[in-house]
Amino acid sequence: MKKLESREDIEHLVNSFYARVVKDETIGFFFNDIAKVDWDKHLPKMYSFWESILFGQMTYKGNPMGVHFPINEIQAMEQKHFDRWLELWRTTIEENFAGENADMAIYKSENIAKLMAFKMELARRL
């Protein structure tokens, strides 16, 4: 199994992951129908996001939490949605990569999902 060790690896991971997401019955509608994601813009941001997270390259500029609040106002992003996101992410990693960075990508995604789920729930209560 290949190690996750380059920008090209991240691009493969992110592309493979979002190919699953757009077809997914549980979370695909957030991307396709609500956010109407422009993939030509979104994918490079996600490459940079994960490159920053995993390799410390600091190529990502943005506020990942902030862009989700407007979507959460239209359609609640619930724990089941974050669980499905994690399941797809973990599966994509495990099918393509192994090693320390692959494990770190799963670990970091779990922390991101927990924080985001908490903040989205809190925002709905306020």
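As shown above, the structure is provided for reference.
Residues numbered from 1 in each chain as written. Predicted model: local features only at pLDDT ≥ 70, side-chain atom pairs only at ≥ 80, totals over all residues. Heavy atoms only, no water.

Taken together, the buried positions of helix α4 (residues 64–74) are occupied by M65, I71 and N72. The arc enclosing the buried residues of α4, seen along the axis, measures out at 115 degrees, which places them on a common side. Exposed residues pointing more than 90 degrees away from the buried face of α4 are listed as V67, E73 and I74. Considering only its buried residues, α4 is in contact with α2 (28–34) and α6 (100–125). (Buried < 20%, exposed > 50% of the residue type's maximum accessible area, 1.4 Å probe, protein only. Helix = DSSP H or I, 4+ residues; strand = E, 2+ residues; numbered from the N terminus. Arc of directions from axis to C-beta. Contact = heavy atoms within 4.5 Å.)

This part covers the packing of α4 against α6. Close contact between α4 and α6 brings their axes to 10 Å; oriented N to C, the two are set at 45 degrees. When the axis of α4 is compared with that of α6, the two are oblique. Two packed elements cross with a definite hand, and for α4 against α6 that hand is right-handed. Residues P64, M65, H68, F69 and N72 of α4 form the contact with α6, whose participating residues are L115, M116, K119, M120, A123 and R124. Along the lines of polarity and charge, the residues of the contact of α4 with α6 split into seven nonpolar, two polar and two charged. (Axes fitted to C-alpha atoms, helices over the stretch in contact; angles between N-to-C directions. Parallel < 35°, antiparallel > 145°, perpendicular 65-115°, else oblique. Left-handed = near helix turned anticlockwise from the far one by under 90°. Nonpolar A, V, L, I, M, F, W, Y, C, P; charged D, E, K, R; others polar.)

For the structure shown, the criterion picks out 11 aromatic pairs. Measuring from centroid to centroid gives 5.7 Å for Y18 and F31, while their planes differ by 70 degrees, and the two rings are edge-to-face. In this pair, Y18 is assigned in helix α1 (residues 7–21) and F31 in helix α2, connecting sequence segments 13 residues apart. As far as the burial class goes, Y18 and F31 line up, both buried. Between F49 and W50, the ring centres sit 5.3 Å apart and the planes meet at 90 degrees, which makes this aromatic pair edge-to-face. A relative accessible area of 13% places F49 in the buried class. Judged by relative accessible area, which is 4%, W50 ranks as buried. Aromatic rings pair up to connect F17, Y18, F31, W39, F49, W50, Y60, W85 and W89 into one cluster. (Phe/Tyr/Trp six-rings, centres within 6.5 Å; stacked < 30°, edge-to-face > 60°.)

Looking now at the environment of E73. Mapped onto the fold, E73 is located in helix α4. Residue E73 is classed as exposed on the basis of its relative accessible area of 70%. Considering only alpha carbons, one finds E73 and W39, 34 residues apart in sequence, at a separation of 22 Å.

One finds V14, Y18 and W50 to be the most contacted residues of the largest nonpolar core, which totals 35 residues. Those elements that place two or more of their residues in this core are α1, α2, α3 (39–55), α4, α5 (79–96) and α6. Looking at this core element by element, the count peaks at seven residues for α6. Setting aside residues no more than four positions away along its own chain, W50 makes contact with I10, V14, F55, W85, W89, A105, K108, S109 and I112. (Core = buried A, V, L, I, M, F, W, Y, C linked by side-chain atoms within 4.5 Å.)

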